[in-house]
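So the chains spell out like this:
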Amino acid sequence: MRYRDTRDASRMVSFAQAVMQGMDPETGGLYIPESIPTLPTGLVSRKSIPSFREIAFETARPFVEGEIPDDELMAIIADAYPFTAPVAPIDPTTYVLELFHGPTCAFKDFGARFMARTMSWFNRGEKKALHILVATSGDTGSAVGSAFHGVEGIDVTILYPRGKISPLQEKQLSTFDGNVRALSVEGTFDDCQRLVKAAFTDEALRGKFRLSSANSINISRLLPQAFYYVYGSLLVRERCPYDSKIDCPSLVVTVPSGNFGNLTSGLIARRMGAPIRGFIAATNANRTVPDWLATGRYEARPSVATLSNAMDVGAPSNYERMQAMYSLDEARSLIAGYWLDDAGTTEAMRSCHEKTGYVIDPHGAVAWRAWDHARSGGMRDFLDGKKAARGASGFKGNAKRPPEWAKDCAERKCVGMILETAHPAKFGETVRAAIGRDPTIPERLERVLQLPDRSIPMAADYASFREWLVASL
Ligand SMILES: *Cc1c(COP(=O)(O)O)cnc(C)c1O
């Protein structure tokens, strides 16, 4: 498979180049697959559902063909995924795809762990280690640090703003040992990013060390996220006629979105043949994409802080990929945009718990509310062109061009799968405020709380950072 640049379709690279470069250094474009392959028919139509690993292997194979041999790909997948993505039915028409069973309890583990192992594979045979520098404002850093921990030939330095992230996130970042270390920077997230950028553009430093980034735009983080859409949609298709008593229900997947990498992966899985009818793109007050679907104009804006903070993105970078893969009309026929404010998010955590007994985190709650609204008349109002009060949360789309599945949803012929992107215990206080009790803490989070802080204090100036790099790498 070859990968093309979103900004210049004539610029093509191999999978290895796309992974190792991250983005096109000359145009600033992102990579997308030249074409989207289809899943083997045997895989999607089989009576018994294949295992997560088998689905992962078959989904990934065409994307890495000729560059990673089959046995190696299988080894990468087996090593990356000692966990899966279980589906929890929470009422007769709602399934939660739980994406928090990885080591850091967030869905970013799926992408980051695959990326770490493919990078290590492409880096094999290099004498000098590859040094990864990441600036983080929270979750990305721990997923990346954990994903690369113990991976051969690569080491990772994470920069985070001291005291400006949640105590649990800080613990998750500052307790690594071995080939991963964290610098607690006396400054803001922007300072961290500035230091990393300065290192990348420092020619003399680059002459000494092989530096790389591991950010969320890397294609090797996006592709593996398609695995769980295929897996989850097959599981739901199997059982939903019994649970819902609906004949051949259509599956609508609701994705709590920030940078839109997760939704883009879903679009890829659907094109490959996963039985998904359409998507709801659910955001918090950072509603750039829902507004784009409604008005046809894309206007990036500064991000605003919300309860679902991993989705606080005002200029989602994967918009560029969605737009390179679909026209506006095609996007509107597949995706309904929905947004929810903080009061609505708290209410959604509460109502989900009250109606179903399921404890959901603030990100998943945004998706739950969107789906619950869609199936209980929200799509009907939308089709009738009824507008919510000005500025209020709700479906944001173009009623003249509704998603193809909106009518089915209004007629109650759909079931929903909502993506739960983080474990509720990562947002314990917010969840407690909504439902009146603490979520249960999984053992792997509990354990992190006991580990010693190993972070290295760092001033927010490039000279000190550079001096530290030269002395320590
Ligand atoms: C990163 C993240 C999101 C947003 O995912 P995107 O791919 O950026 O849209 C949602 N929920 C959680 C918990 C996250 O960490």
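Since the model is a prediction, treat every value here as computed from it, not as a measurement. (Residues numbered from 1 in each chain as written. Predicted model: local features only at pLDDT ≥ 70, side-chain atom pairs only at ≥ 80, totals over all residues. Heavy atoms only, no water.)

**Here's the deal with the pattern of salt bridges**
For the structure shown, the criterion picks out 28 salt bridges. Note that Asp5 is salt-bridged to Arg11, the shortest N-O span being 3.9 Å. Classification of Asp5 by relative accessible area gives buried; the value is 0%. With relative accessibility at 27%, the residue Arg11 sits in the partly exposed group. A salt bridge links Arg239 to Asp243, with the nearest nitrogen and oxygen atoms 2.6 Å apart. (Salt bridge = Lys/Arg side-chain N within 4 Å of Asp/Glu carboxyl O. Buried < 20%, exposed > 50% of the residue type's maximum accessible area, 1.4 Å probe, protein only.)

**A look at the sheet that holds strand 10 (residues 250–256)**
Across the sheet, which stays open at both edges, the 7 strands sit in the order 4-5-14-10-11-12-13 with mixed pairing between neighbours. The sheet is open, and its two edges are formed by strand 4 (87–91) and strand 13 (394–396), each paired on a single side. Each adjacent strand pair in this sheet contributes to an overall mean axis angle of 30 degrees, direction not counted. Bridge count between strand 12 (residues 335–339) and strand 13: 3 bridges; the pairing is antiparallel. Among the inter-strand pairings, Trp339 is bridged to a residue of strand 13, identified as Gly394. Contacts between helix 12 (residues 261–272) and the sheet are confined to strand 10, strand 11 (278–283), strand 12 and strand 14 (414–420), with strand 11 contributing the most and set at about 180 degrees to the helix. Strands strand 11, strand 12 and strand 13 of the sheet are contacted by helix 13 (residues 288–295), whose axis makes an angle of about 130 degrees with strand 12. (Pairing = 2+ DSSP bridges. Helix = DSSP H or I, 4+ residues; strand = E, 2+ residues; numbered from the N terminus. Axes fitted to C-alpha atoms, helices over the stretch in contact; angles between N-to-C directions. Contact = heavy atoms within 4.5 Å.)

**Remarks on the site of the ligand**
With respect to spatial proximity, 15 residues lie near the ligand, and among them Lys108, Gly258, Asn259, Phe260 and Thr421 are the closest. At 2.8 Å from an oxygen atom of the ligand is found a main-chain nitrogen or oxygen belonging to Asn259. At 2.9 Å from an oxygen atom of the ligand is found a main-chain nitrogen or oxygen belonging to Asn262. Contact with the protein chains removes 96% of the 380 Å² of surface that the ligand exposes when unbound. Within the shell around the ligand, the residues separate by chemical class into 6 nonpolar, 7 polar and 2 charged. (Near = heavy atom within 4 Å. Polar contact = N/O pair within 3.5 Å; in protein donor to acceptor, adjacent residues only side chain to side chain. Areas by Shrake-Rupley, 256 points an atom, 1.4 Å probe, with all protein chains shown as cover. Nonpolar A, V, L, I, M, F, W, Y, C, P; charged D, E, K, R; others polar.)

**So, the pairing of strand 5 (residues 94–98)**
Of all the 5 residues making up strand 5, 5 are buried; the element is thus mostly covered by neighbouring parts of the structure. The alternating pattern of strand 5 places Thr94, Val96 and Glu98 on one face and Tyr95 and Leu97 on the opposite face, and all of these are buried. For strand 4 and strand 5, the ladder comprises 4 bridges, and the chain directions are antiparallel. From the neighbouring strand, Pro89 faces strand 5, where its bridge partner is Tyr95. Counted along the chain from strand 4 to the antiparallel partner strand 5, the turn is 2 residues long.

**Details of the environment of Thr356**
Here Thr356 shows up in helix 16 (residues 342–356). The spatial distance from the C-alpha of Thr356 to the C-alpha of Pro89 is 9.5 Å, given a sequence separation of 267 residues. Sequence-distant contacts of Thr356, defined by excluding residues within four places in its chain, comprise Ile90, Asp91, Ser351 and Trp368. Within the local environment of Thr356, its side chain forms a polar contact with the backbone oxygen of Cys352, the two atoms lying 2.6 Å apart.

**Quick word on the pairing of strand 8 (residues 180–186)**
Burial analysis of strand 8 places 6 of its 7 residues in the buried class, which makes it a mostly covered element. Sheet analysis places strand 7 (residues 154–161) next to strand 8, joined by 6 bridges and oriented parallel. Note that in strand 8 the partner of Val156 across the bridge is Val180. In this region the chain leaves strand 7, passes through helix 7 (residues 167–174) and returns to the parallel neighbour strand 8; the handedness of that crossover is right-handed. (Right-handed = clockwise from strand over helix to strand, strands pointing away.)

**What about the nonpolar core?**
Phe148 and Tyr228 are the most contacted members of the largest nonpolar core, which has 97 residues in total. Of all the elements, helix 11 (residues 225–244) adds the most residues to this core, at 9 residues. Not counting chain neighbours up to four residues away, the residues in contact with Tyr228 comprise Phe52, Ala85, Leu97, Leu99, Phe107, Phe110, Asn262 and Leu419. Ala282, Ala336, Tyr358 and Cys409 belong to the second largest nonpolar core, which has 36 residues in total. (Core = buried A, V, L, I, M, F, W, Y, C linked by side-chain atoms within 4.5 Å.)

**Describing helix 6 (residues 139–148)**
Extensive coverage of helix 6 is indicated by the burial of 9 of its 10 residues. Every buried residue belonging to helix 6 is among Asp139, Gly141, Ser142, Ala143, Val144, Gly145, Ser146, Ala147 and Phe148, and all of these are buried. Buried positions along helix 6 lie against helix 5 (108–122), strand 6 (130–135), strand 7, helix 7, strand 8 and helix 10 (219–222). Just beyond helix 6, the residue with positive phi is Gly150, at close to 80 degrees.

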